[in-house]
Amino acid sequence: MTNFMLFPSLMREMLPTDYVGFTFFVGCMAMMAASAFFFLSLNQFDKKWRTSVLVSGLITFIAAVHYFYMKEYWAEFSKSPTFFRYVDWILTVPLMCVEFYLILKVAGAKQGLLWKMIFLSLVMLVTGYFGEAVDPTNAWIWGLVSGIAYFVIVYEIWLGEASKLAAAAGGNVLAAHKILCWFVLVGWAIYPLGYMLGTDGWYTSILGKGSVDVAYNIADAINKIGFGLVIYSLAVKSQKD
Ligand SMILES: *C/C=C(C)/C=C/C=C(C)/C=C/C1=C(C)CCCC1(C)C
């Protein structure tokens, strides 16, 4: 029989100690609020910046919908919604690459840079999914490959072509690019940490086990909403001068 129960979270008591469930709920509300904020602000921007702010809103909106499903999945099964998690990332991380590309376009960024970043992020995420969901006995190997792709992304934006374009653009774009670089270096580093807390590997004896979902939920809130706000304030500043 088909299960028509849309809101498992309403069918049972939420325990005050359910920190994972709590962060799923708060994450869902925060993503919805951020999306409303970005979408409703669109009218104040001219064409050049509207697309960037629109993409910020799409990122948090896609996440809001996935968080809605993830919080219900958690309420129903008390298991990590790994599938929804990675579908969300596969859609939103390439959109973050689009954001980098859009703000660097003023300095002459080529589409090749965009595809390179998207390719690297897909390698990072697909190998991560294999480590968590398909072949967890080799989690550390998949995590290592994923981590290498992550470092190439970090290199590309901090020292590679993207950083040179940002330097050439100067001004507000350079300042915003720098902040986004810190998001990728520090904010994104929470994800591999969460991965190591949630999978078994040589690192388990050092780190122990923890809630992969709490780590991912905190990281998503910082990275998706914070990243979007950096773009938003870049658009506000650039419009003034
Ligand atoms: C909005 C979602 C974002 C910004 C997700 C980012 C995800 C990562 C940077 C994930 C990275 C991983 C590694 C570097 C190694 C272990 C496997 C992953 C996929 C968790």
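Residues numbered from 1 in each chain as written. Predicted model: local features only at pLDDT ≥ 70, side-chain atom pairs only at ≥ 80, totals over all residues. Heavy atoms only, no water.

Of regular secondary structure, the protein possesses eleven helices and zero strands. Helices and strands appear in the protein in the N-to-C order α-α-α-α-α-α-α-α-α-α-α. Each principal axis of the C-alpha atoms in the protein carries an extent, and together these give about 55 × 40 × 30 Å. Per-residue burial over the protein gives 47% buried out of 241 residues. Sequence-distant contacts in the protein: of pairs separated by 6 or more residues, those separated by 24 or more amount to 74%. For the protein, the separation between the mean place of its 16 positive charges and that of its 15 negative charges on side chains is 11 Å. (Helix = DSSP H or I, 4+ residues; strand = E, 2+ residues; numbered from the N terminus. Buried < 20%, exposed > 50% of the residue type's maximum accessible area, 1.4 Å probe, protein only. Contact = heavy atoms within 4.5 Å. Lys, Arg positive; Asp, Glu negative; His and termini not counted. Charge placed at Lys NZ, Arg CZ, Asp CG, Glu CD.)

One pass over the structure, following the stated rule, counts six salt bridges. For R85, the salt bridge identified is with D220, shortest N-O distance 3.5 Å. With a gap of 135 residues between them, R85 in helix α4 (residues 82-104) and D220 in helix α11 (residues 212-240) connect regions that are remote in the sequence. Considered together, R85 and D220 belong to a single accessibility category, that of buried residues. The salt bridge involving D220 is made with K224; its shortest N-O contact spans 3.3 Å. Highlighted residues: D220 and K224, both in helix α11, separated by four residues, approximately one helical turn. Exposure class is identical for D220 and K224. Each is buried. (Salt bridge = Lys/Arg side-chain N within 4 Å of Asp/Glu carboxyl O.)

Our next topic: the site of the ligand. Around the ligand, the structure places 17 residues, and the nearest of them are W89, M124, S146, Y191 and K224. When the ligand is considered free in solution it has 530 Å² of accessible area, and contact with the protein chains removes 99% of it. Secondary structure elements with two or more residues in the shell around the ligand: α4, α5 (111-134), α6 (139-158), α9 (190-198) and α11. Broken down by element, the shell around the ligand gets its largest block of residues, five residues, from α4. Taken together, the residues of the shell around the ligand break down into eleven nonpolar, four polar and two charged. (Near = heavy atom within 4 Å. Areas by Shrake-Rupley, 256 points an atom, 1.4 Å probe, with all protein chains shown as cover. Nonpolar A, V, L, I, M, F, W, Y, C, P; charged D, E, K, R; others polar.)

As a further point, take the nonpolar core. Judged by nonpolar contacts, the single largest core of 66 residues is most densely connected at L104, M124, V184 and W188. Ranked by residue count, the leading element in this core is α4, at twelve residues. Excluding residues within four positions of it along the chain, W188 makes contact with V93, M96, M124, Y150, I153, F183 and N223. (Core = buried A, V, L, I, M, F, W, Y, C linked by side-chain atoms within 4.5 Å.)

Nonpolar side chains collect at one region of the surface, where W140, I141, L144, V145, I148, V152, L193, W202, I206 and L207 lie side by side and expose about 950 Å² of accessible area between them. Elements with a contribution of two residues or more to the nonpolar patch: α6 and α10 (204-207). A per-element tally of the nonpolar patch places α6 first, with six residues. Residue L144 is classed as partly exposed on the basis of its relative accessible area of 48%. (Patch = residues over 30% accessible without salt bridge, like charges linked within 9 Å, V, L, I, M, F, W, Y side chains within 5 Å.)

Along the chain, the position of T204 falls in helix α10. Ignoring anything within four residues of it in the chain, the contact list for T204 reads T199 and K209. Of note is the side chain of T204, whose polar atom sits 2.9 Å from the backbone nitrogen of G201. (Polar contact = N/O pair within 3.5 Å; in protein donor to acceptor, adjacent residues only side chain to side chain.)

Packed helices, taken two at a time, are described by the angle between their axes plus the distance between the axes. Between helix α2 (residues 19-41) and helix α3 (residues 47-77), whose axes approach to 8 Å, the crossing angle comes to 155°. Here α2 is positioned roughly antiparallel relative to α3, judged by the angle of their axes. Crossing of α2 over α3 shows left-handed handedness. Looking at the contact of α2 with α3 residue by residue, the classes come out as 19 nonpolar, seven polar and one charged. (Axes fitted to C-alpha atoms, helices over the stretch in contact; angles between N-to-C directions. Parallel < 35°, antiparallel > 145°, perpendicular 65-115°, else oblique. Left-handed = near helix turned anticlockwise from the far one by under 90°.)

What follows concerns the packing of aromatic side chains. Under the criterion given, the structure shown has 23 aromatic pairs. Between W202 and Y203 the ring centres are 5.3 Å apart and the planes differ by 70°, which places this aromatic pair in the edge-to-face class. Classification of W202 as exposed rests on a relative accessible area of 54%. According to the relative accessible area criterion, Y203 is buried, its value standing at 4%. (Phe/Tyr/Trp six-rings, centres within 6.5 Å; stacked < 30°, edge-to-face > 60°.)

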